[in-house]
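Geometric and topological summary
Residue strings, one per chain:
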Amino acid sequence: AGGGEGVVCLWDGKGDALVNVKTCYHMENPIRAISFSHDWGYLTMSGDDACLYMEDLVDGLSETIDLKASVEESSWNPASRIMAYPQNDSLFLIY
């Protein structure tokens, strides 16, 4: 789930009940998009903040990529760990 409070919660629904397995509090403003890598190992969050937040869900490492403007979407390559996001009529890739 993601929402206007700038928090993303990851839930495990494999058992009989939903279990919150991770909560990310890294964004200060509303989140507009979340995106997972093809292997579910990385999560990116973007929204009204002028940054793109990336987290390694396996190791817990994180990185904030400062940008010139907010990003309302990002997309991972369906077969590898390449992520793209638009910025000022351009497309940027992160490997």
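Given the structure is predicted, the values throughout are model-derived calculations rather than measurements. (Residues numbered from 1 in each chain as written. Predicted model: local features only at pLDDT ≥ 70, side-chain atom pairs only at ≥ 80, totals over all residues. Heavy atoms only, no water.)

Where strand β1 (residues 8-12) meets strand β2 (residues 19-24), 5 bridges bridge the pair, whose relative direction is antiparallel. Across the sheet, residue C9 finds its bridge partner in β2, namely T23. (Pairing = 2+ DSSP bridges. Helix = DSSP H or I, 4+ residues; strand = E, 2+ residues; numbered from the N terminus.)

A few words now on the sheet that holds strand β3 (residues 31-36). Spatial strand order, β3-β4-β5-β6: 4 strands in an open sheet with antiparallel pairing. Each edge of the open sheet is held by one strand with a lone partner, namely β3 and β6 (62-66). Neighbour-to-neighbour, the strand axes of the sheet open up by a mean angle of 15°, direction not taken into account. Sheet topology note: the strand β5 (residues 51-56)/β6 ladder contains 5 bridges and is antiparallel. Each residue of the ladder has a partner; that of E55, found in β6, is S62. (Axes fitted to C-alpha atoms, helices over the stretch in contact; angles between N-to-C directions.)

Attention now moves to the packing of aromatic side chains. Under the definition given, this model contains 2 aromatic pairs. Aromatic pair F36 and W40: ring centres 4.9 Å apart, planes at 45°, arrangement tilted. A relative accessible area of 25% places F36 in the partly exposed class. On the accessibility criterion, W40 (59% relative accessible area) is exposed. (Phe/Tyr/Trp six-rings, centres within 6.5 Å; stacked < 30°, edge-to-face > 60°. Buried < 20%, exposed > 50% of the residue type's maximum accessible area, 1.4 Å probe, protein only.)

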